[in-house]
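Single-letter residue listing:
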Amino acid sequence: MFPYPVKKCFLLFLIVLSSCIDEYWPEIDRYENLLVVDGILTDKPGPYTIRLSTTSKIHSPQYNPLPGCSVILLDNTGNAEQLTETEPGTYSTSVNGIQGVAGRQYKIQIVTPAGKNYSSPFEQLPAPVGIDSIYTEVIYHETADLDHDIAGLQFYVDTHRSEHDSSYFLWQLEETYEFHSDFYLNYLWYGYFVPFNNPDTFYTCWKTKNVDEFFTASTLDLTEPVLKKFPLHYVDTETRRLQVTYSLLADQFTIGAEAYSYYDQVRYLMVSEGSLYEKQPYQMTGNVKNQDDPDEPVLGYFLVAGMDEKRIFLQRPAELPFYYPVCELIVDMRSLSAMPWGYWPIYISIDRYNQLGYAADPCFDCTANGGILEKPEFWK
């Protein structure tokens, strides 16, 4: 996995300064077609992947992969490997290729099809500090927009004690949750009833996605080099994420001081500006430089990190109220005759009063809400 803040092509950050006298429009052309580097090397076995792309025009943001580059990973003991381009803009080491070892130093070298030479400095791979535990606490948030308080679970992490007084951390989170559709599918209507043999076929789904936030912390000013009850993300009951079973995979990266400074600034920008990908902080350049033009902005970061991970599972919290929208069946079956054939098949279920009723397809089919029917291999 890769730290979430560098997973996508960055967009340009437009700043417009205006006054009652005149307006100032900054030069933004300089920040188009910039190199974006997205990659990480850890102490875990490879292969490792580097994604290269270029920034797009401010008014038409899109992901522009950069194919045809020469990408080499090197360490300070003389090991090196040229990565293979597995798809446009994506470069990977081999299974038995260069491996991350705590204490060694690593760098990346990139030559683009245009002949530009980029590289990062050698950076030492820190020994990973382990995750002690991940746990939750029920939290309610007041809101003026709803007729109820927001209910949910606040996630926290405790780390192991570090061997160093100052350790720096970056967390990336991935969530997987099981959820259900509102109704079993008992019949299909094609102008007449057709029994559906397996009513629960589309009832249970799983969905996996990256948590939008990422998190940074340091033990620099603590009396002991250990983190206790450090807050991660918050999951409310306004959606179905906690409806059945929720699993969190937390990747904890132990990083260097310069990497921490970069990601902490990006995190601050995300908090203050909203989504990182709505506006591009072009002033937030990373550790990769053009060797012939050091003043050229290069976005993203080649991260060297020690890594630990932990997965937890949570069942639906019985103490929390849930407020996600729930479908209702239309039990006036006479209205079916007025439905044109273009809407067929119409999904039909049986309610608790043994009445037939119909509703929109997503009320029966969990895949229509972004889920998949195949249970993940790691699922309990």
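Okay, so let's go over this structure. (Residues numbered from 1 in each chain as written. Predicted model: local features only at pLDDT ≥ 70, side-chain atom pairs only at ≥ 80, totals over all residues. Heavy atoms only, no water.)

Position of His233 among the secondary structure elements: in strand S19 (residues 230-236). Look at His233 and you get buried, because its relative accessible area is 1%. Residue contacts for His233: discarding those within four places in its chain leaves Leu153, Gln154, Phe155, Leu173, Glu175, Val211, Glu213, Phe215, Arg241, Tyr246 and Leu248. (Helix = DSSP H or I, 4+ residues; strand = E, 2+ residues; numbered from the N terminus. Buried < 20%, exposed > 50% of the residue type's maximum accessible area, 1.4 Å probe, protein only. Contact = heavy atoms within 4.5 Å.)

Pairing within the open sheet is antiparallel, and its four strands lie in the order S17-S16-S23-S24. Pairing within the sheet leaves two strands with one partner each, and these edge strands are strand S17 (193-195) and strand S24 (356-358). Within the sheet, the average angular offset between the axes of one strand and its neighbour, ignoring direction, is 35 degrees. Pairing geometry for strand S16 (residues 187-189) and S17, over three bridges, is antiparallel. Bridge pairing links Trp189 to Phe193 in S17. (Pairing = 2+ DSSP bridges. Axes fitted to C-alpha atoms, helices over the stretch in contact; angles between N-to-C directions.)

On to the sheet that holds strand S14 (residues 150-159). Ordered in space as S13-S14-S19, the three strands form an open sheet in which the pairing is antiparallel. Strands at the two margins of the open sheet, each flanked by one partner only, are strand S13 (131-141) and S19. Looking at each pair of strands side by side, their axes are set apart by 25 degrees on average, direction ignored. Pairing geometry for S13 and S14, over 10 bridges, is antiparallel. Residue pairing in the sheet places Ile134 in a bridge with Val157 of S14.

By the element assignment, Tyr156 lies in strand S14. Residue classification places Tyr156 among the buried residues on the basis of a relative accessible area of 11%. When the C-alpha atoms of Tyr156 and Pro231 are compared, they prove to be 4.5 Å apart, with 75 residues separating the residues in sequence. Filtering out sequence-adjacent residues up to four positions away, Tyr156 remains in contact with Ser133, Ile134, Tyr135, Glu137, Lys229, Phe230, Pro231 and Leu232.

Here the residue pair Gly46 and Pro47 is connected by a cis peptide bond, since its omega of 10 degrees sits within 30 degrees of zero. Locating Pro47 in the fold gives a position in the loop between strand S3 (35-42) and strand S4 (49-54). Non-glycine residue Lys229 carries a positive phi angle of around 55 degrees. Judged by its relative accessible area of 41%, Lys229 falls in the partly exposed class.

Next up on the list: the environment of Gly371. Positionally, Gly371 belongs in the segment after S24. When its relative accessible area of 9% is taken as the criterion, Gly371 is described as buried. On a C-alpha basis, the gap between Gly371 and Tyr177 in space is 9.2 Å, while along the polypeptide they are 194 residues apart. Apart from the residues within four sequence positions on either side, Gly371 is in contact with Phe179, Cys205, Trp206 and Cys366.

Turning to the nonpolar core, a few remarks are in order. Counting residues in each nonpolar core, the largest one holds 30 residues, and the members touching the most others are Ile134, Phe155, Trp171 and Leu232. Listing elements by their share of this core, those giving two or more residues are S13, S14, strand S15 (168-180), strand S18 (204-218), S19, strand S20 (245-255) and strand S22 (299-315). Those residues in contact with Ile134 that lie beyond four places of it in its chain are Phe155, Tyr156, Val157, Leu248, Ala250, Lys310 and Ile312. If you look at the next biggest cluster of nonpolar residues, it comprises 22 residues, including Cys69, Ile98, Tyr118 and Val288. (Core = buried A, V, L, I, M, F, W, Y, C linked by side-chain atoms within 4.5 Å.)

Inspection of every chain in the model, using the stated rule, returns two disulfides. There is a disulfide in this structure between Cys205 and Cys366, and the S-S distance comes to 2.0 Å. Its S-S torsion of about 70 degrees marks the bond between Cys205 and Cys366 as right-handed, since a negative value means left-handed. Taken together, the residues Cys205 in strand S18 and Cys366 in the segment after S24 connect sequence positions 161 residues apart. Across the pair, exposure class does not vary: Cys205 and Cys366 are buried alike. Each disulfide pairs two cysteine sulfurs, and for Cys327 the partner residue is Cys363, the sulfurs being separated by 2.1 Å. Since a negative S-S torsion denotes a left-handed disulfide, the Cys327-Cys363 link at about -80 degrees is left-handed. Pair noted here: Cys327 is in the loop between S22 and strand S23 (346-350) and Cys363 is in the segment after S24, with a separation of 36 residues, a long-range link. For Cys363, a relative accessible area of 7% gives the class buried. If you count the bonded cysteines of the protein from the N-terminus, they pair up as 1-4, 2-3. (Disulfide = S-S within 2.5 Å.)

For the rest of this paragraph, the subject is the pattern of salt bridges. Overall, the coordinates contain nine salt bridges when judged by the stated rule. Note that Asp182 is salt-bridged to Arg240, the shortest N-O span being 3.0 Å. In this pair, Asp182 sits in the loop between S15 and S16 while Arg240 sits in the loop between S19 and S20, placing the two residues 58 residues apart along the sequence. Relative accessible area serves as the criterion here: at 17%, Arg240 is assigned to the buried category. Linked by salt bridges that have partners in common, Glu175, Lys209 and Arg241 make up one network. (Salt bridge = Lys/Arg side-chain N within 4 Å of Asp/Glu carboxyl O.)

Keep in mind that these numbers describe shape and distance, not what the molecule does.
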